[in-house]
Amino acid sequence: VPLNADVAKDSADAFGKEIYARSFLWLVRAINDATCAEYNYNGGGKTDYGIIGLLDIFGFESFVRNRFEQLCINYCNEKLQAKFTEDIFRSVQEEYEFEGIPLDEIKYDDNT
């Protein structure tokens, strides 16, 4: 089947995306297996080790299993929330300064 340059490029791009996706899934599985208590603690039942709960901008999450994927999602959410908070506080301060409204510097705890 003869291919033209556009079809060949699309095929190469699709192949590259598939390799990346499979590599990423392999890495996530390897990290999950390496950090899984059931695989790494002899004789441990589910009640024999603790639970990790994550509090993010959308509320408290408690899963039977917290996996690496969820940690990545929560990490990204926290980074986005920190950026949002910083941008909002900065823009409010700049707006007040522009309008001549006195405002002390807004201080907040950055828990990222």
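Above: the structure in question.
Before going into details, it helps to say that this report is about the structure given with it. (Residues numbered from 1 in each chain as written. Predicted model: local features only at pLDDT ≥ 70, side-chain atom pairs only at ≥ 80, totals over all residues. Heavy atoms only, no water.)

Topic: the overall build of the protein chain
- Secondary structure summary: the protein chain contains 3 helices and 2 strands in total.
- The linear arrangement of helices and strands in the protein chain, starting from the amino end, is α-α-β-β-α.
- Expressed as a percentage of its 112 residues, the buried residues of the protein chain come to 11%.
- Within the protein chain, counting contacts between residues at least 6 apart in sequence, those at least 24 apart form 28% of the total. (Helix = DSSP H or I, 4+ residues; strand = E, 2+ residues; numbered from the N terminus. Buried < 20%, exposed > 50% of the residue type's maximum accessible area, 1.4 Å probe, protein only. Contact = heavy atoms within 4.5 Å.)

Observations concerning helix 1 (residues 5–35)
- Over its 31 residues, helix 1 extends 45 Å from the first C-alpha to the last, a length consistent with the 45 Å expected when each residue adds 1.5 Å.
- Between the side-chain oxygen at the start of helix 1 and the backbone nitrogen of Asp6 there is a gap of 3.1 Å, and the oxygen is on Asn4. (Expected span 1.5 Å × (residues − 1). Polar contact = N/O pair within 3.5 Å; in protein donor to acceptor, adjacent residues only side chain to side chain.)

Some details on the state of the cysteines
- Applying the stated criterion across every chain yields a total of 0 disulfides.
- You can see Cys72 has no disulfide; the closest cysteine sulfur is in Cys76, sitting 6.7 Å from it.
- Cys72 gets classed as partly exposed once you look at its relative accessible area, which sits at 29%. (Disulfide = S-S within 2.5 Å.)

Structural notes on a nonpolar patch on the surface
- On the surface, a cluster of nonpolar side chains totalling about 340 Å² of accessible area is made up of Tyr20, Phe24 and Leu25.
- Considering the arrangement of structural elements, one finds Tyr20 in helix 1.
- With relative accessibility at 59%, the residue Tyr20 sits in the exposed group. (Patch = residues over 30% accessible without salt bridge, like charges linked within 9 Å, V, L, I, M, F, W, Y side chains within 5 Å. Areas by Shrake-Rupley, 256 points an atom, 1.4 Å probe, with all protein chains shown as cover. Salt bridge = Lys/Arg side-chain N within 4 Å of Asp/Glu carboxyl O.)

Some thoughts on the pattern of salt bridges
- The final tally for this structure, using the stated rule, is 5 salt bridges.
- With its nearest N and O atoms 2.9 Å apart, the salt bridge here joins Asp13 to Lys9. With Asp13 and Lys9 both in helix 1 and 4 residues apart, the pair spans about one turn of that helix.
- Residues Asp87 and Lys83 are paired through a salt bridge, measuring 2.8 Å at the closest nitrogen-oxygen approach. Placement of the pair is Asp87 and Lys83 together in helix 3 (residues 68–99), with a separation of 4 residues, close to one helical turn.
- Salt bridges sharing common partners tie together Lys83, Glu86, Asp87 and Arg90.

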